[in-house]
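Listed here are the chains, written in short residue letters.
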Amino acid sequence: MIQAPKGTFDIFGNKAVSYRNLEGIIHDLCVRFGVTELRTPTFEYTELFHRGVGETTDVVQKEMYTFSDAGDRSLTLRPEGTAPACRAYLEHGMGSLPQPVKLYYISSFYRAEKPQKGRYRQFQSFGTEYFGSTDPAADAEIIALGWELFRLLGITGVELRINSIGDRECRLKYNTELREFIGSQLDRLCPVCKERAATNPLRVLDCKEEGCKRVLNDAPDILSTLGPDCKAHFGKVLGFLKAMGIPYTVDSRIVRGLDYYTKTVFEYISSDLGSQSALGGGGRYDHLMETIGGPSVPAVGFGIGIERLLIALEAQQAEQAAQIPPVVFIGAIPSQTNFAAGLTHKLRQSGISAQWDISGRSLKAQMKAADKSGARYSLVIGDDEAASNSATLKEMATGEQTTMILDKLTEFLTRKV
Ligand code: AMP
């Protein structure tokens, strides 16, 4: 038996309904916020992620699905959506449109991670990216968009944790302080942290090891090294959040795993998710566009995992029914299956959800299937019904019967839907 690859899964039945409903809610929400959809290719040139996500990140170092095509070009299944969105913005000259350009996507992403609950090798993410505004209002609006999604879905217990990691100058100053601190504690840190201390010290703050966390409690606080501009920016973001009634916790340990962030960074944390507790996260990335070869375009965005949203939803409410019961089930004796096929098809063309037997079952078994399907009405086509073009419609719940000309059936059922 060939199975789906490790860390991937099929979506069908109730799960497919949950995905579709969730996607519908996200599309409607983005219309309300004036954000338009972007669809990018499943794979990109590998260089885009090397430059855009950063050479020192786990994603680029360990998690990408990279392959060469027949022309020996290196391609990578997209591990995230921000770098492709920037590439699309540049490629289509979106800089000449009225700014900010506000884009969103619901796409599949691919990362060769160790699978566990809430962490897969193919997953879906809802992302938004606002391009062309340096204003803190853009940061706040993006955060509010994610927050509004949780409210609409009825997901409670989400905590917004927010931080500022400053601009390049603040970071340079902070990295020096942090390196000094890490240097003095090196023997108490895990091997990964030791390695990161040299390449990307900020990432040390991200370590989930309990021992490292204890050591890092005493690390210098990045918020105290922010310059006046970054401090003012952060203050304004928090001010907008207050004005919108969005509660937050300032958490100077939030740094995010990717290299491109500047100033605001945030995560939405849910207590229903276990160890993979981040429902989503994002931040400002004012220099990414230059990194991939474009002009300077300020930007801010987030990614929220669809599977993690569904886990949080499942933890809080019953699943939705996959099968919407048909309005009518049409049974037929073996000699009248053509008649039943024609009638069912005509009803469906008129927008009525109808079922008939496509398994060659006996009339008795068909009526059992009608019962199981949850249909509101059933009717049986025998030779008399076909000859007179009329039949007796039975309301399943009450047993009430109505005989009618079949030409009137569509009209009758339409009124009942
Ligand atoms: P990131 O780009 O790493 O910030 O991811 C954005 C969001 O996507 C995370 O907060 C998760 O909700 C989701 N996510 C990231 N990686 C995975 C994964 N391997 N499996 C499932 N969801 C993921």
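Shown above is the structure to which this text applies.
Residues numbered from 1 in each chain as written. Predicted model: local features only at pLDDT ≥ 70, side-chain atom pairs only at ≥ 80, totals over all residues. Heavy atoms only, no water.

Colleague: Lay out the pairing of strand S9 (residues 262-270) in plain terms, naming residues and giving numbers.
Modeller: With respect to burial, S9 is a largely interior element, nine of its nine residues being buried. Pairing geometry for strand S7 (residues 158-164) and S9, over seven bridges, is antiparallel. From the neighbouring strand, Ile162 faces S9, where its bridge partner is Phe266. One ladder, built from six bridges, connects S9 with strand S10 (residues 278-284); its direction is antiparallel. Within S10, the position partnered with Tyr268 by the bridge is Gly280. (Buried < 20%, exposed > 50% of the residue type's maximum accessible area, 1.4 Å probe, protein only. Helix = DSSP H or I, 4+ residues; strand = E, 2+ residues; numbered from the N terminus. Pairing = 2+ DSSP bridges.)

Colleague: An account of the site of the ligand is requested, with residue identities and associated values reported.
Modeller: Taken together, the neighbourhood of the ligand is formed by 14 residues, with Arg111, Glu113, Tyr120, Arg256 and Leu279 sitting nearest. With respect to the ligand, the side chain of Glu113 contributes an N or O atom lying 2.6 Å from a nitrogen atom. Note that an oxygen atom of the ligand is positioned 3.4 Å from one of the backbone N or O atoms of Ala278. In isolation the ligand exposes 480 Å². Once the protein is present, 89% of that is buried. Looking at the shell around the ligand, the elements that each hand over two or more residues are strand S6 (122-131), S10 and strand S11 (299-305). (Near = heavy atom within 4 Å. Polar contact = N/O pair within 3.5 Å; in protein donor to acceptor, adjacent residues only side chain to side chain. Areas by Shrake-Rupley, 256 points an atom, 1.4 Å probe, with all protein chains shown as cover.)

Colleague: Before we move on, could you go through the packing of aromatic side chains and cite the residues and values that matter?
Modeller: Considering all chains together, one arrives at 13 aromatic pairs under this definition. With 6.3 Å between their ring centres and 75° between their planes, Tyr104 and Phe126 make a pair best called edge-to-face. Of this pair, Tyr104 sits in strand S5 (residues 101-110) while Phe126 sits in strand S6, and the two are 22 residues apart along the sequence. Owing to a relative accessible area of 5%, Tyr104 belongs among the buried residues under this scheme. (Phe/Tyr/Trp six-rings, centres within 6.5 Å; stacked < 30°, edge-to-face > 60°.)

Colleague: Break down the nonpolar core for me, citing the residues and quoting the values.
Modeller: Phe126, Phe131, Phe150, Leu241, Tyr268 and Leu309 are the most contacted members of the largest nonpolar core, which totals 96 residues. Broken down by element, this core gets its largest block of residues, ten residues, from helix H5 (residues 136-153). Ile330, Leu347, Ala354 and Leu393 belong to the second-largest nonpolar core, a separate cluster that totals 20 residues. (Core = buried A, V, L, I, M, F, W, Y, C linked by side-chain atoms within 4.5 Å.)

Colleague: How would you explain the environment of Ala387 if you had to name every residue and give the values?
Modeller: Mapped onto the elements, Ala387 comes out in helix H14 (residues 383-388). Note on Ala387: relative accessible area 72%, which makes it exposed. Between the C-alpha atoms of Ala387 and Met289, which are 98 residues apart in sequence, the distance is 72 Å.

Colleague: Tell me what's going on with the packing of helix H1 (residues 13-32) against helix H11 (residues 306-316), and back it up with residues and numbers.
Modeller: Where H1 contacts H11, the axes come no closer than 11 Å and their chain directions differ by 110°. With respect to H11, the element H1 is oriented roughly perpendicular. Facing H1, whose interface residues are Ser18, Tyr19, Leu22 and Ile26, H11 presents Ile306, Glu307, Leu309 and Leu310. Here the residues of the contact of H1 with H11 are counted per class, giving six nonpolar, one polar and one charged. (Axes fitted to C-alpha atoms, helices over the stretch in contact; angles between N-to-C directions. Parallel < 35°, antiparallel > 145°, perpendicular 65-115°, else oblique. Contact = heavy atoms within 4.5 Å. Nonpolar A, V, L, I, M, F, W, Y, C, P; charged D, E, K, R; others polar.)

Colleague: Help me get a handle on the sheet that holds strand S15 (residues 390-395), residues and values and all.
Modeller: Read across the sheet, five strands follow the order S13-S12-S14-S15-S16 without closing on themselves; strand pairing throughout is mixed. Strand pairing shows two members of the sheet lacking a second neighbour, strand S13 (354-356) and strand S16 (401-405), which therefore form its edges. Sheet twist, expressed as the average angle between the axes of neighbouring strands with direction ignored, equals 25°. Looking at chain direction, strand S12 (residues 328-332) and strand S14 (residues 377-381) are connected through five bridges and run parallel. Looking at S14, one finds that Val328 is bridged to Tyr377. Packing against the sheet, helix H12 (residues 337-349) makes contact with S12, S13 and S14, and its axis sits at approximately 165° to S13. In this fold helix H13 (residues 363-373) packs onto S12 and S14, with an angle of close to 175° to the strand it touches most, S12.

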